[in-house]
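# Observations on the model geometry
What follows is each chain in one-letter form.
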Amino acid sequence: MTLSPNASTIDDVTVQKHLQTAIEVAAQNASVDGGPFGAVVVTADGQEFTAVNRVTADHDPTAHAEVCAIRATCKALGTHDLSGAVLYTSCEPCPMCLSSSLWARLDAVYFAADRHDAADGGFDDAVFYEFFTATEEERDKLVPVRHVALENRRAPFEAWAANPERAEY
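Residues numbered from 1 in each chain as written. Predicted model: local features only at pLDDT ≥ 70, side-chain atom pairs only at ≥ 80, totals over all residues. Heavy atoms only, no water.

## Looking at the side chain of aspartate 125
Tracing the backbone through its elements, the reader meets aspartate 125 in the loop between helix H6 (115-120) and helix H7 (126-131). The charged side chain of aspartate 125 is buried without a salt bridge, its nearest counter-charge being arginine 115 at 5.9 Å. Excluding its chain neighbours within four sequence positions, the residues that come into contact with aspartate 125 are Cys94 and Arg115. (Helix = DSSP H or I, 4+ residues; strand = E, 2+ residues; numbered from the N terminus. Buried < 20%, exposed > 50% of the residue type's maximum accessible area, 1.4 Å probe, protein only. Lys, Arg positive; Asp, Glu negative; His and termini not counted. Salt bridge = Lys/Arg side-chain N within 4 Å of Asp/Glu carboxyl O. Contact = heavy atoms within 4.5 Å.)

Right, here's the structure in full:
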């Protein structure tokens, strides 16, 4: 993945403006029924999609602000590819949110608070970052992940490859 011209020409004022929006919606959300996280996706043509953390409000552990903003943008635009768009978030994306940003093909991600600020605020996700560099024994303490090589394990990929109507991604 390469940095697009759109992402490399974003000025500091624009970055700060969108980060301020993410912080403001996060603070508002935290004062009602949601978590203290907010995000804004800005498309190449300037459309803005704002979302907040809805994990506890919606009983959905994947409803992080960044994922919600990506989902809202994709749904509104009718695409799964957000090339040209930029994510601004009130806090450093966790591994799930960063992975979602990569899958969405976002051009850049900017964040305000970092993971240490989040930990100080009661949201310590260090174990999730460490999972990917841990030994198998260390990972097993969090959640065992095991490969089981079933005979027909490639059937879904073969069906996908044979489908002339498939949408590449």
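## Things to note about the sheet that holds strand S3 (residues 86-91)
With respect to topology, four strands assemble into an open sheet ordered S2-S1-S3-S4, the strand pairing being mixed. Of all the strands in the sheet, the pair left with one neighbour each is strand S2 (48-52) and strand S4 (108-113). Across the sheet, the mean angle from the axis of one strand to that of its neighbour is 15°, orientation sign disregarded. The strands touched by helix H2 (residues 12-30) are strand S1 (38-42), S2, S3 and S4; relative to S3, the strand with the most contacts, the crossing angle is about 50°. (Pairing = 2+ DSSP bridges. Axes fitted to C-alpha atoms, helices over the stretch in contact; angles between N-to-C directions.)

## What about unusual backbone geometry?
With a phi close to 55°, histidine 59 is a non-glycine residue in the positive phi region. Note that histidine 59 resides in the loop between helix H3 (55-58) and helix H4 (65-77). Even without glycine at this site, arginine 105 takes up a positive phi of about 65°. Tracing the sequence through the fold places arginine 105 in the loop between helix H5 (95-103) and S4.

## Quick notes on the environment of alanine 65
Mapped onto the secondary structure, alanine 65 falls in helix H4. Each C-alpha atom of the pair alanine 65 and alanine 51 lies 5.4 Å from the other, and the pair is 14 residues apart in sequence. Among all residues touching alanine 65, those that are not within four sequence positions of it are Phe37, Gly38, Ala39, Ala51, Val52 and Asn53.

## Some details on the pairing of S3
Of all six residues that make up S3, six are buried, and the element is covered over most of its length. When S1 meets S3, the two strands line up antiparallel, connected through four bridges. Paired with alanine 39 across the bridge in S3 is threonine 89. Pairing analysis gives five bridges linking S3 to S4, with the strands arranged parallel. Each residue of the ladder has a partner; that of leucine 87, found in S4, is valine 109. Crossover handedness for the path S3 to H5 to S4: right-handed. (Right-handed = clockwise from strand over helix to strand, strands pointing away.)

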